[in-house]
Amino acid sequence: MFAEERAKPIRIEQNEALIRNLVDSHTKIPLIAQDLKKRKAGFNGEKSVDYHLSFLNSKKYMVFNDLKLPLTPHHFQIDSLLFTPFYTLILEIKNISGTLTIDSEFNQLTKNYNGVVTGYSDPITQANRQKLFLQRFFYDHHLVLPPIKFLVVISNPSTILKMAPGQKLLSPYDKIIHAQNLISEISKLNTLYTEEKATKKDLKRIKKVLLNKHDTGFTSILDTYGINETEILKGVKCESCSGKMERFFGCWHCTKCNFISKTAHVRAIEDYFLLFKPSITNRELRTFLDIKSPKTANQLLNSLNLKVTGSSKGTTYHKEFL
Ligand SMILES: [Zn+2]
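As the structure is a prediction and not an experimental result, all values here were calculated from the model. Per chain, the residues get numbers from 1 upward, laid out in the order the sequence is written. The predicted origin of the model limits local features to residues at a pLDDT of at least 70 and limits the giving and counting of side-chain atom pairs to 80 or more, whereas totals for whole chains, interfaces and linings rest on all residues. The side-chain values count all of the structure's non-hydrogen atoms but skip hydrogen atoms and water molecules.

What to know about the overall build of the protein
Only DSSP runs of H or I covering at least 4 residues are called helices, and only runs of E covering at least 2 are called strands; the numbering of each starts at the N terminus. Counting its secondary structure elements, the protein contains nine helices and 16 strands. In terms of principal-axis extent, the alpha carbons of the protein reach across some 70 × 55 × 35 Å. With the model as given, the accessible surface of the protein reaches about 18,100 Å², and the carbon-plus-sulfur share is 52%. Under this rule, positive means Lys or Arg and negative means Asp or Glu; His and the chain ends count for nothing. Charge positions come from single atoms, namely NZ of Lys, CZ of Arg, CG of Asp or CD of Glu. For the protein, the distance from the average site of its 46 positive side-chain charges to the average site of its 31 negative ones is 4 Å. The Shrake-Rupley method, run with a 1.4 Å probe sphere, supplies the accessible areas, and residue values consider only the shown protein chains as cover.

If you want it as C-alpha coordinates, here you go:
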(Lines give C-alpha, C1' and ligand atoms only; values in the text may rest on other atoms or scores of the structure.)
Protein backbone atom coordinates (compact mmCIF):
# COMPACT_ATOMS: atom_id res chain seq x y z
CA MET A 1 0.00 0.00 0.00
CA PHE A 2 2.31 2.77 1.19
CA ALA A 3 5.81 2.79 -0.29
CA GLU A 4 6.61 -0.70 0.93
CA GLU A 5 6.81 -3.62 -1.43
CA ARG A 6 3.52 -4.22 -3.24
CA ALA A 7 1.67 -7.00 -1.45
CA LYS A 8 0.14 -9.93 -3.28
CA PRO A 9 -3.48 -8.89 -3.84
CA ILE A 10 -5.92 -10.65 -1.55
CA ARG A 11 -7.99 -11.69 -4.59
CA ILE A 12 -5.05 -13.75 -5.92
CA GLU A 13 -4.69 -15.44 -2.52
CA GLN A 14 -8.44 -16.08 -2.39
CA ASN A 15 -8.46 -17.77 -5.80
CA GLU A 16 -5.45 -19.89 -4.82
CA ALA A 17 -7.14 -20.91 -1.54
CA LEU A 18 -10.33 -21.77 -3.41
CA ILE A 19 -8.52 -24.08 -5.83
CA ARG A 20 -6.78 -25.80 -2.89
CA ASN A 21 -10.03 -26.35 -1.04
CA LEU A 22 -12.37 -27.63 -3.76
CA VAL A 23 -12.43 -31.16 -5.17
CA ASP A 24 -10.22 -31.35 -8.28
CA SER A 25 -13.22 -32.16 -10.45
CA HIS A 26 -15.23 -29.07 -9.41
CA THR A 27 -16.80 -27.50 -12.52
CA LYS A 28 -15.82 -23.95 -11.52
CA ILE A 29 -12.08 -24.64 -11.21
CA PRO A 30 -11.24 -23.77 -14.87
CA LEU A 31 -12.89 -20.34 -14.47
CA ILE A 32 -11.21 -19.68 -11.09
CA ALA A 33 -7.83 -20.74 -12.56
CA GLN A 34 -8.29 -18.52 -15.63
CA ASP A 35 -9.11 -15.47 -13.46
CA LEU A 36 -6.11 -16.30 -11.29
CA LYS A 37 -3.81 -16.37 -14.31
CA LYS A 38 -5.03 -12.96 -15.51
CA ARG A 39 -4.68 -11.38 -12.08
CA LYS A 40 -1.20 -12.86 -11.62
CA ALA A 41 -0.11 -11.40 -14.97
CA GLY A 42 -1.44 -8.00 -13.86
CA PHE A 43 0.38 -8.28 -10.53
CA ASN A 44 3.66 -9.23 -12.23
CA GLY A 45 3.27 -6.21 -14.51
CA GLU A 46 2.79 -3.95 -11.51
CA LYS A 47 5.84 -5.42 -9.79
CA SER A 48 8.00 -4.76 -12.85
CA VAL A 49 6.86 -1.11 -12.80
CA ASP A 50 7.76 -0.99 -9.08
CA TYR A 51 11.28 -1.93 -10.10
CA HIS A 52 11.55 1.26 -12.18
CA LEU A 53 9.97 3.32 -9.39
CA SER A 54 12.50 1.96 -6.91
CA PHE A 55 15.10 4.26 -8.52
CA LEU A 56 13.26 7.33 -7.25
CA ASN A 57 14.52 9.03 -4.13
CA SER A 58 11.99 7.97 -1.48
CA LYS A 59 12.54 11.26 0.37
CA LYS A 60 11.23 13.25 -2.58
CA TYR A 61 8.25 11.10 -3.53
CA MET A 62 5.41 9.57 -1.55
CA VAL A 63 4.21 6.42 -3.32
CA PHE A 64 1.03 4.41 -2.70
CA ASN A 65 0.32 1.10 -4.41
CA ASP A 66 -3.04 -0.59 -5.03
CA LEU A 67 -5.05 2.07 -3.31
CA LYS A 68 -8.75 1.34 -3.03
CA LEU A 69 -10.67 4.39 -1.88
CA PRO A 70 -14.37 4.79 -1.12
CA LEU A 71 -16.38 7.25 -3.17
CA THR A 72 -20.12 7.04 -2.60
CA PRO A 73 -21.72 4.79 -3.72
CA HIS A 74 -18.66 2.79 -4.87
CA HIS A 75 -14.88 2.53 -4.69
CA PHE A 76 -12.13 3.44 -7.08
CA GLN A 77 -8.75 1.82 -7.40
CA ILE A 78 -5.38 3.24 -8.42
CA ASP A 79 -2.43 1.00 -9.34
CA SER A 80 0.17 3.52 -8.19
CA LEU A 81 -0.13 7.06 -6.93
CA LEU A 82 2.85 9.41 -6.47
CA PHE A 83 2.83 12.65 -4.55
CA THR A 84 5.36 15.44 -4.60
CA PRO A 85 4.90 18.99 -3.26
CA PHE A 86 4.66 20.07 -6.94
CA TYR A 87 2.36 17.57 -8.65
CA THR A 88 0.42 14.32 -8.22
CA LEU A 89 0.93 11.41 -10.59
CA ILE A 90 -1.52 8.58 -11.28
CA LEU A 91 -0.06 5.44 -12.87
CA GLU A 92 -2.43 3.11 -14.66
CA ILE A 93 -0.46 -0.08 -15.26
CA LYS A 94 -1.25 -2.40 -18.19
CA ASN A 95 0.29 -5.77 -18.72
CA ILE A 96 -0.71 -6.44 -22.33
CA SER A 97 1.45 -8.37 -24.79
CA GLY A 98 1.59 -8.19 -28.58
CA THR A 99 1.06 -5.16 -30.80
CA LEU A 100 -1.14 -2.41 -29.36
CA THR A 101 -2.80 -0.04 -31.79
CA ILE A 102 -4.12 3.22 -30.40
CA ASP A 103 -7.07 4.73 -32.22
CA SER A 104 -7.48 8.32 -31.01
CA GLU A 105 -10.50 8.93 -33.26
CA PHE A 106 -12.62 6.14 -31.84
CA ASN A 107 -10.98 6.17 -28.39
CA GLN A 108 -10.09 2.54 -28.51
CA LEU A 109 -7.16 0.23 -28.08
CA THR A 110 -6.75 -3.02 -30.00
CA LYS A 111 -4.30 -5.76 -29.29
CA ASN A 112 -2.97 -8.11 -31.92
CA TYR A 113 -1.37 -11.13 -30.34
CA ASN A 114 -0.39 -13.96 -32.70
CA GLY A 115 -3.10 -12.88 -35.13
CA VAL A 116 -5.87 -12.74 -32.51
CA VAL A 117 -7.34 -9.23 -32.24
CA THR A 118 -8.86 -8.07 -28.93
CA GLY A 119 -10.39 -4.68 -28.11
CA TYR A 120 -9.78 -2.78 -24.86
CA SER A 121 -11.43 0.28 -23.41
CA ASP A 122 -9.41 3.43 -23.92
CA PRO A 123 -6.87 3.66 -21.07
CA ILE A 124 -6.77 7.47 -21.43
CA THR A 125 -10.51 7.70 -20.75
CA GLN A 126 -9.97 5.37 -17.81
CA ALA A 127 -7.11 7.46 -16.40
CA ASN A 128 -9.13 10.65 -16.84
CA ARG A 129 -11.95 9.10 -14.86
CA GLN A 130 -9.57 8.21 -12.05
CA LYS A 131 -8.32 11.76 -12.06
CA LEU A 132 -11.89 13.00 -11.53
CA PHE A 133 -12.50 10.46 -8.75
CA LEU A 134 -9.31 11.51 -7.00
CA GLN A 135 -10.25 15.18 -7.26
CA ARG A 136 -13.65 14.46 -5.73
CA PHE A 137 -12.15 12.35 -2.96
CA PHE A 138 -9.66 15.11 -2.06
CA TYR A 139 -12.39 17.74 -2.19
CA ASP A 140 -14.66 15.66 0.09
CA HIS A 141 -11.84 15.22 2.63
CA HIS A 142 -10.65 18.85 2.45
CA LEU A 143 -7.18 17.84 1.31
CA VAL A 144 -4.76 19.93 -0.71
CA LEU A 145 -4.18 18.32 -4.09
CA PRO A 146 -1.21 19.37 -6.24
CA PRO A 147 -2.01 19.31 -10.02
CA ILE A 148 -2.82 15.78 -11.20
CA LYS A 149 -0.98 14.18 -14.10
CA PHE A 150 -1.32 10.62 -15.27
CA LEU A 151 0.61 8.05 -17.26
CA VAL A 152 -0.57 4.74 -18.69
CA VAL A 153 2.38 2.40 -18.23
CA ILE A 154 2.79 -0.66 -20.43
CA SER A 155 4.73 -3.07 -18.25
CA ASN A 156 5.75 -5.66 -20.82
CA PRO A 157 8.94 -4.38 -22.57
CA SER A 158 8.29 -6.42 -25.73
CA THR A 159 4.82 -4.93 -26.36
CA ILE A 160 4.77 -2.84 -29.56
CA LEU A 161 2.86 0.44 -29.44
CA LYS A 162 1.60 2.14 -32.58
CA MET A 163 -1.01 4.60 -33.78
CA ALA A 164 -3.88 3.63 -36.12
CA PRO A 165 -3.03 4.21 -39.84
CA GLY A 166 -2.96 7.91 -40.75
CA GLN A 167 -3.03 9.10 -37.12
CA LYS A 168 -0.31 11.07 -35.38
CA LEU A 169 0.69 10.58 -31.76
CA LEU A 170 -0.80 13.65 -30.10
CA SER A 171 -1.66 14.54 -26.50
CA PRO A 172 -3.13 12.87 -24.46
CA TYR A 173 -2.11 9.63 -26.21
CA ASP A 174 1.57 10.43 -25.64
CA LYS A 175 0.78 9.60 -21.99
CA ILE A 176 0.85 5.89 -22.91
CA ILE A 177 4.44 4.86 -22.30
CA HIS A 178 6.68 1.87 -21.81
CA ALA A 179 7.78 1.18 -18.22
CA GLN A 180 11.43 1.74 -19.11
CA ASN A 181 10.59 5.39 -19.98
CA LEU A 182 8.83 6.03 -16.68
CA ILE A 183 11.77 7.66 -14.91
CA SER A 184 12.52 10.00 -17.81
CA GLU A 185 8.81 10.99 -17.96
CA ILE A 186 8.93 11.76 -14.23
CA SER A 187 12.08 13.86 -14.78
CA LYS A 188 10.19 15.86 -17.43
CA LEU A 189 7.38 16.51 -14.94
CA ASN A 190 9.96 17.65 -12.39
CA THR A 191 11.21 20.34 -14.76
CA LEU A 192 7.66 21.38 -15.76
CA TYR A 193 6.25 21.65 -12.23
CA THR A 194 8.43 23.68 -9.93
CA GLU A 195 5.89 25.62 -7.90
CA GLU A 196 5.25 24.14 -4.45
CA LYS A 197 1.53 23.38 -4.13
CA ALA A 198 1.57 21.25 -1.00
CA THR A 199 3.58 21.67 2.19
CA LYS A 200 5.14 18.83 4.20
CA LYS A 201 2.19 19.14 6.56
CA ASP A 202 -0.29 18.78 3.66
CA LEU A 203 1.49 15.63 2.47
CA LYS A 204 1.44 14.18 5.99
CA ARG A 205 -2.29 14.76 6.16
CA ILE A 206 -2.77 13.15 2.72
CA LYS A 207 -0.86 10.07 3.89
CA LYS A 208 -2.91 9.81 7.06
CA VAL A 209 -6.26 10.08 5.28
CA LEU A 210 -5.31 7.67 2.46
CA LEU A 211 -4.07 5.00 4.87
CA ASN A 212 -7.16 5.45 6.97
CA LYS A 213 -9.64 5.26 4.07
CA HIS A 214 -7.89 2.51 2.11
CA ASP A 215 -10.14 -0.52 1.80
CA THR A 216 -8.48 -3.94 2.09
CA GLY A 217 -10.82 -5.28 -0.54
CA PHE A 218 -12.11 -8.26 1.41
CA THR A 219 -15.21 -9.56 -0.33
CA SER A 220 -16.71 -13.04 -0.19
CA ILE A 221 -15.01 -15.16 -2.84
CA LEU A 222 -17.69 -17.84 -2.44
CA ASP A 223 -20.37 -15.29 -3.43
CA THR A 224 -18.21 -14.11 -6.34
CA TYR A 225 -18.22 -17.60 -7.85
CA GLY A 226 -21.59 -18.75 -6.50
CA ILE A 227 -20.05 -21.55 -4.45
CA ASN A 228 -21.76 -22.99 -1.37
CA GLU A 229 -19.90 -23.28 1.95
CA THR A 230 -20.63 -27.01 1.98
CA GLU A 231 -18.55 -27.43 -1.20
CA ILE A 232 -15.38 -26.39 0.64
CA LEU A 233 -13.35 -29.43 1.72
CA LYS A 234 -12.90 -29.86 5.47
CA GLY A 235 -9.72 -30.80 7.32
CA VAL A 236 -6.01 -30.06 7.11
CA LYS A 237 -4.60 -30.91 3.69
CA CYS A 238 -1.15 -32.40 3.12
CA GLU A 239 1.19 -29.95 1.40
CA SER A 240 2.93 -32.83 -0.31
CA CYS A 241 -0.01 -34.80 -1.80
CA SER A 242 -3.10 -32.78 -0.68
CA GLY A 243 -4.41 -35.85 1.16
CA LYS A 244 -6.18 -35.45 4.49
CA MET A 245 -3.98 -35.03 7.59
CA GLU A 246 -4.73 -36.20 11.12
CA ARG A 247 -3.41 -34.79 14.38
CA PHE A 248 -1.27 -37.19 16.36
CA PHE A 249 1.02 -36.28 19.32
CA GLY A 250 1.22 -32.61 18.36
CA CYS A 251 1.93 -33.26 14.68
CA TRP A 252 -0.07 -33.58 11.49
CA HIS A 253 0.25 -36.95 9.72
CA CYS A 254 -0.89 -37.48 6.13
CA THR A 255 -3.22 -40.47 5.92
CA LYS A 256 -2.21 -40.94 2.27
CA CYS A 257 1.56 -40.40 1.93
CA ASN A 258 2.70 -40.41 5.60
CA PHE A 259 4.11 -36.88 5.33
CA ILE A 260 4.53 -35.30 8.79
CA SER A 261 4.14 -31.60 9.51
CA LYS A 262 4.08 -29.48 12.66
CA THR A 263 2.62 -26.43 10.96
CA ALA A 264 0.11 -27.72 8.37
CA HIS A 265 -2.76 -26.03 10.26
CA VAL A 266 -1.30 -22.57 9.59
CA ARG A 267 -2.17 -22.59 5.90
CA ALA A 268 -5.55 -24.20 6.66
CA ILE A 269 -6.48 -21.37 9.04
CA GLU A 270 -5.21 -18.75 6.55
CA ASP A 271 -7.43 -20.41 3.95
CA TYR A 272 -10.41 -20.18 6.30
CA PHE A 273 -9.89 -16.40 6.57
CA LEU A 274 -9.58 -16.04 2.79
CA LEU A 275 -12.59 -18.20 2.00
CA PHE A 276 -15.11 -17.39 4.73
CA LYS A 277 -14.42 -14.29 6.79
CA PRO A 278 -11.50 -12.54 8.52
CA SER A 279 -12.41 -13.95 11.97
CA ILE A 280 -12.80 -17.38 13.56
CA THR A 281 -13.97 -18.94 16.86
CA ASN A 282 -12.80 -22.16 18.50
CA ARG A 283 -15.96 -23.98 17.37
CA GLU A 284 -15.64 -22.76 13.77
CA LEU A 285 -12.04 -23.93 13.67
CA ARG A 286 -12.97 -27.40 14.97
CA THR A 287 -15.66 -27.75 12.31
CA PHE A 288 -13.34 -26.55 9.54
CA LEU A 289 -10.29 -28.63 10.54
CA ASP A 290 -12.43 -31.58 11.57
CA ILE A 291 -10.87 -31.88 15.02
CA LYS A 292 -12.69 -32.73 18.27
CA SER A 293 -10.67 -31.21 21.08
CA PRO A 294 -11.42 -27.56 22.01
CA LYS A 295 -8.08 -27.55 23.86
CA THR A 296 -6.15 -28.45 20.69
CA ALA A 297 -8.10 -25.82 18.72
CA ASN A 298 -7.15 -23.28 21.39
CA GLN A 299 -3.46 -24.17 21.14
CA LEU A 300 -3.53 -23.88 17.36
CA LEU A 301 -5.26 -20.49 17.44
CA ASN A 302 -3.01 -19.09 20.16
CA SER A 303 0.11 -20.07 18.22
CA LEU A 304 -0.82 -17.68 15.40
CA ASN A 305 -0.50 -14.27 17.07
CA LEU A 306 -3.95 -13.12 15.97
CA LYS A 307 -5.88 -10.23 17.44
CA VAL A 308 -8.32 -11.57 20.07
CA THR A 309 -11.68 -10.17 21.18
CA GLY A 310 -14.32 -11.53 23.61
CA SER A 311 -13.82 -14.21 26.25
CA SER A 312 -14.57 -17.89 27.00
CA LYS A 313 -16.95 -19.32 24.36
CA GLY A 314 -17.29 -15.97 22.61
CA THR A 315 -13.53 -15.62 22.04
CA THR A 316 -12.93 -14.57 18.46
CA TYR A 317 -9.62 -14.48 16.61
CA HIS A 318 -9.16 -11.84 13.90
CA LYS A 319 -7.03 -11.71 10.80
CA GLU A 320 -6.09 -8.21 9.65
CA PHE A 321 -5.70 -7.91 5.88
CA LEU A 322 -3.61 -4.94 4.82
ZN1 LIG B 1 0.32 -36.54 1.79
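Re the environment of Cys238
Here Cys238 shows up in the loop between strand S10 (236-237) and strand S11 (244-248). Owing to a relative accessible area of 1%, Cys238 belongs among the buried residues under this scheme. For the pair Cys238 and Ile186, spaced 52 residues apart in sequence, the C-alpha to C-alpha distance is 49 Å. Residues contacting Cys238, with those up to four places away along its chain left out, are Gly243, Met245, Cys254, Cys257 and Phe259. The cut-offs for exposure are 20% and 50% of the maximum accessible area for each residue type, with area from a 1.4 Å probe on protein chains only; residues under the lower value are buried, those over the upper are exposed, and the others partly exposed. Only heavy atoms matter for contacts: two residues are in contact if any of them lie within 4.5 Å across the pair.

Some remarks on the coordination of the zinc ion
Coordinating donors are taken as N, O and S atoms within 2.8 Å of the metal, stretched to 3.2 Å for Na, K and Ca; because water is absent from the atoms, sites can appear incomplete. Surrounding the zinc ion are the protein donor atoms Cys238 (SG), Cys241 (SG), Cys254 (SG) and Cys257 (SG), at 2.2 to 2.4 Å. Four donors are marked tetrahedral only if all angles between them lie between 85 and 135 degrees, whereas four are marked square planar and six octahedral if opposite donors are more than 155 degrees apart and the other angles lie between 65 and 115; the remainder are marked irregular. Around the zinc ion, the four donor atoms are arranged such that angles at the metal cover 101 to 114 degrees; this shape is classified as tetrahedral. Since its relative accessible area comes to 34%, Cys257 is described here as partly exposed.

Overview of the domain arrangement of the protein
Source of the domain bounds: an automatic or database domain assignment. We note that the domain assignment places domain 1 (10-213) and domain 2 (234-318) within the protein. Here the C-alpha centre of domain 2 lies 38 Å away from the C-alpha centre of domain 1. Contacts between the two partners involve seven residues from domain 1 and, on the opposite side, six residues from domain 2. Values labelled buried area give the accessible surface lost by two parts on being combined, using a 1.4 Å probe and summing over both. Counting the surface lost from both domain 1 and domain 2, the interface buries some 620 Å², and carbon and sulfur atoms represent 58% of this. When residues of domain 1 are sorted by the area they lose upon contact with domain 2, Gln14, Arg20 and Asn21 head the list and together hold 70% of the total. Just to be clear on terms, a salt bridge is a Lys or Arg side-chain nitrogen sitting within 4 Å of an Asp or Glu carboxyl oxygen. Note that Asp271 and Arg20 form a salt bridge whose closest N and O atoms lie 2.7 Å from each other. Residues adjacent in sequence count toward polar contacts only when both atoms are side-chain atoms; beyond that, a polar contact is any pair of N or O atoms within 3.5 Å, and within protein one must be able to donate a hydrogen and the other to accept it. Here domain 1 and domain 2 share four residue pairs in polar contact (both at pLDDT 80 or more) between them. Counted by class, the side of domain 1 that touches domain 2 contains three nonpolar, two polar and two charged residues. Lys, Arg, Asp and Glu make up the charged group, whereas Ala, Val, Leu, Ile, Met, Phe, Trp, Tyr, Cys and Pro make up the nonpolar group; the residues left over, Gly among them, are polar.

Looking at the packing of helix H1 (residues 10-20) against helix H2 (residues 29-53)
At a minimum axis separation of 9 Å, H1 and H2 run at an interaxial angle of 150 degrees. One way to sum up the angle between H1 and H2 is to call them roughly antiparallel. Crossing handedness for the pair H1 and H2: left-handed. Counted together, Arg11, Ile12, Asn15, Glu16, Leu18 and Ile19 of H1 and Ile29, Ile32, Ala33, Asp35, Leu36, Arg39, Lys40 and Phe43 of H2 form the full contact between these two elements. Broken down by class, the residue content of the contact of H1 with H2 amounts to eight nonpolar, one polar and five charged. Only the contacting stretch of a helix is used when fitting its axis, a line to C-alpha atoms as for every element, and angles between N-to-C directions run 0 to 180 degrees. The cut-offs work like this: below 35 degrees is roughly parallel, past 145 is roughly antiparallel, 65 to 115 is roughly perpendicular, and the gaps in between are oblique. Here is the rule for handedness: rotate from the far helix to the near one, and if that takes an anticlockwise turn smaller than a right angle the crossing is left-handed, while a clockwise turn gives right-handed.

Some remarks on H1
Counting buried positions over the eleven residues of H1 gives eight, a clear majority of the element. Among the structural elements, H2, helix H6 (221-225) and helix H7 (264-275) are those in contact with the buried residues of H1.

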